[in-house]
Every structure is written in C-alpha cells, then in structure tokens.
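# Working through the structure, step by step
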Amino acid sequence: MRTGEVALPSGAAGTSAEAITAGVRAWVGSAPLRGLVGHFGGDWPDGDLAAVLARLDDFSARHWDFRGGRERPDAREPAFDPATARLVLATAAALGMVRPAVPARPRYAHLVVLGGLAHACQRRVAYAAHLLRAGTRVTGEVAVLGSFRPLSEVECRALDAAGVPPCDTEVAALDAAVRREFGVAAPTEDDGRDAGHPHHSWSSRTYRPVGGPPVRVLAAPSSDPARRRAHTADTQRFWAEHVRLRAGDPVLTVTAPIYVPFQHCDALRTLAGPYGCAIETVGVDPALPDVAGLPEPALTPGRYLQEIRSAIRSMRALHATLGDGWSAHGPGPACGAAPHAGPVERGQLT
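One structure accompanies this document, and this report is about it. (Residues numbered from 1 in each chain as written. Predicted model: local features only at pLDDT ≥ 70, side-chain atom pairs only at ≥ 80, totals over all residues. Heavy atoms only, no water.)

## So, helix H6 (residues 153–161)
Of all the residues in H6, the buried ones are Glu155, Ala158 and Leu159. Down the axis of H6, the buried side of the element spans an arc of 100°, and every buried residue falls inside it. Among the exposed residues of H6, those oriented more than 90 degrees off its buried face are Glu153, Val154, Arg157, Asp160 and Ala161. Of the surrounding elements, those touching the buried residues of H6 are helix H5 (118–133) and helix H7 (170–181). Backbone geometry just downstream of H6 places Gly163 in the positive-phi region, at approximately 80°. (Buried < 20%, exposed > 50% of the residue type's maximum accessible area, 1.4 Å probe, protein only. Helix = DSSP H or I, 4+ residues; strand = E, 2+ residues; numbered from the N terminus. Arc of directions from axis to C-beta. Contact = heavy atoms within 4.5 Å.)

Here you go:
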C-alpha cells in the first residue's frame, strides 16, 4: 500500500474473520468512497456492514454498471464532465486501483497470474516472468489461470498488432504468452476435458522452463454453467483443487492495478478462507521495459467506476462467508463450496 491509499483487507495467513471484517469496513467506509457516492447523488446508508454492502451494491448497479451483464470490452463508456472525471480518477487512486506496488516478500509458495482480456494476459504473464528474473523465488509453481472465453475481434486485432500468433480464447492467449515469456515450446503434462461446451470444459498444461519453477496454464469450468462462463473465483478455486495448498503458504497473485481490490478479496474468499494460505495481490507495473511493448487499454473514468463496483461486490461476497465456515488455518466447512452473497437487498440510496 502506498501513502494516502486505503488499505485492503489483510491477506496474511491466519487472518481472523474479525480482522477481515475490519478491513472491509475500512475500505468501503473510507472518505474517498463516501465522497464518490455523494457526488453521484447517494446518501450513505445506515445499518451494519452487511446492510451497507448490500445498499452500495444496489447503488453501484444503478449508477456505475456499464456492462449490463456483457463482457468488459462491450461495456458502454459514459460521458462525464471534467470535474466528475477528475473525482473518479482521484478516488480510484485512493482506493489502490491506479499505482502498482512491488511484491512485499522475496519468496512465495506459488505465483498466480489471473487471466483477463487478451492484452492483459500478455502483460501479466510478462510481468510474472520479470518478477522471477528479478529474483522473486517461487518454491511451488507459477499458475496462469483463465477460461475458454472466446476473444473478441478487438482483442484479436490487439494480439496481431503485438505479433502474437492467432488465438481464439482467453486461455489460448495465456498459453501463447507463457510459451513466449518462459521460452518453452511444449507442455510436459497436458490434461483436461472437452465437454462440448466452454462453460463445462477444462484444461491443464504444465511447462517446465529450465532453471525455474513449473508453469501451469489452467482453464476452469464455470460453477454456474447454465448462466455464465468461469469467472475469477472459479479459476482460483479450480486451481486450488489441483495444487497442494498448505496453511501459511504465501501466494502472490498478479493482475492489473485496476482489478487489485476485487481480485484480492476474491482470493481471500476462495483461497485464504478455505486453505489458510497468505494472499498478496499486486498489479503490473506498466513502466517496466519487459511489458512496455505490449498493448495497454485506455483506463477511463467509466472503467474505474465499473471496477469500484466489482470491488464492492467482491467484498460483499467475502463478508458473507466470514460467519459461515471461515477458516484461515486450513480447510473448513466451506472448503470446496461456492459461497455467494445471496440476493441483493433492495435498499435505496437516494
């Protein structure tokens, strides 16, 4: 965390439900987020933390949801006046969504690269390779997590412009990045299941770079295949079932700075709670030469508002698990389950 930023809930091993609750309360109740809600016409809700999270979820659905159930590239871009745009960007920076932070430890049990849009896949894998070259030690594996989400035409054009071979899915883009950045040609292990539909299928490829830890490229099935593709929590949970996570293991997850709050809280819910591992989440540093040549999307006020909403929803889902099987010391009753926040309460912010 940088000076002036709101701290995320702790990802330390053995973190109690009380400490997680305090971290969620501090982030969602911070002055920057309160000011942003007020600017968009909302009064801060009364009630306990669960009620506040439910009403912020509902408020953000009405004011900051530009996807409407679509993939991120298909989200509409709202038009804001300059003062609003400046406020949104300042709030995002205060909430830890703009500036990258270097890993805090020299050694991790596992390094987890989270998938995303095609250009992000390239940058995150490149950053993971950079961390290893720069001296970060990984005693277990590098896990590169994605899904069979089809790439859009825009993503395919971005990959072509960057000289990446044609890819048709997110996991194919991740696989291409691993082959390039880690200097590997073929996996030593290749497993999976083609179920005839991407929401049900999965794959696992393990590469063994010379002089480094194994690199696994994993595509997860959806936990709700009738409604959607696999999302971040699905991929994290599916990976945990394929690796021997131990209580206290430090796990570093790599994403983009804009996604750090929501993906950090997803990792707390799906990994730290059931398995007792320590979670640290960092965003790619775009200034590094190792990633400078790869395409980077324009991060607009609308994009930041959308991901502030994602963070609120992730913290709501995390908070909902704290009183039901939370165990930061090893598998508990919720291990292997798919915890969720439950129906959104229809409280109003006016």
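## Observations regarding the packing of helix H3 (residues 49–63) against helix H11 (residues 301–321)
Two numbers describe how H3 lies on H11: the axes approach to 9 Å, and their chain directions differ by 150°. By the angle between their directions, the pair H3 and H11 is classed as roughly antiparallel. Read as a crossing pair, H3 and H11 show a hand that is left-handed. In this structure, H3 uses Leu49, Ala50, Leu53, Ala54, Leu56, Asp57, Ser60 and Ala61 to contact H11, whose residues at the interface are Arg309, Ile312, Arg313, Met315, Arg316 and His319. (Axes fitted to C-alpha atoms, helices over the stretch in contact; angles between N-to-C directions. Parallel < 35°, antiparallel > 145°, perpendicular 65-115°, else oblique. Left-handed = near helix turned anticlockwise from the far one by under 90°.)

## Observations regarding the environment of Pro78
Locating Pro78 in the fold gives a position in the loop between H3 and helix H4 (82–94). Measuring from C-alpha to C-alpha, the distance between Pro78 and Thr300 comes to 9.3 Å, with 222 residues separating the pair along the chain. Among residues more than four places away in sequence, those in contact with Pro78 are Phe66 and Gly302.

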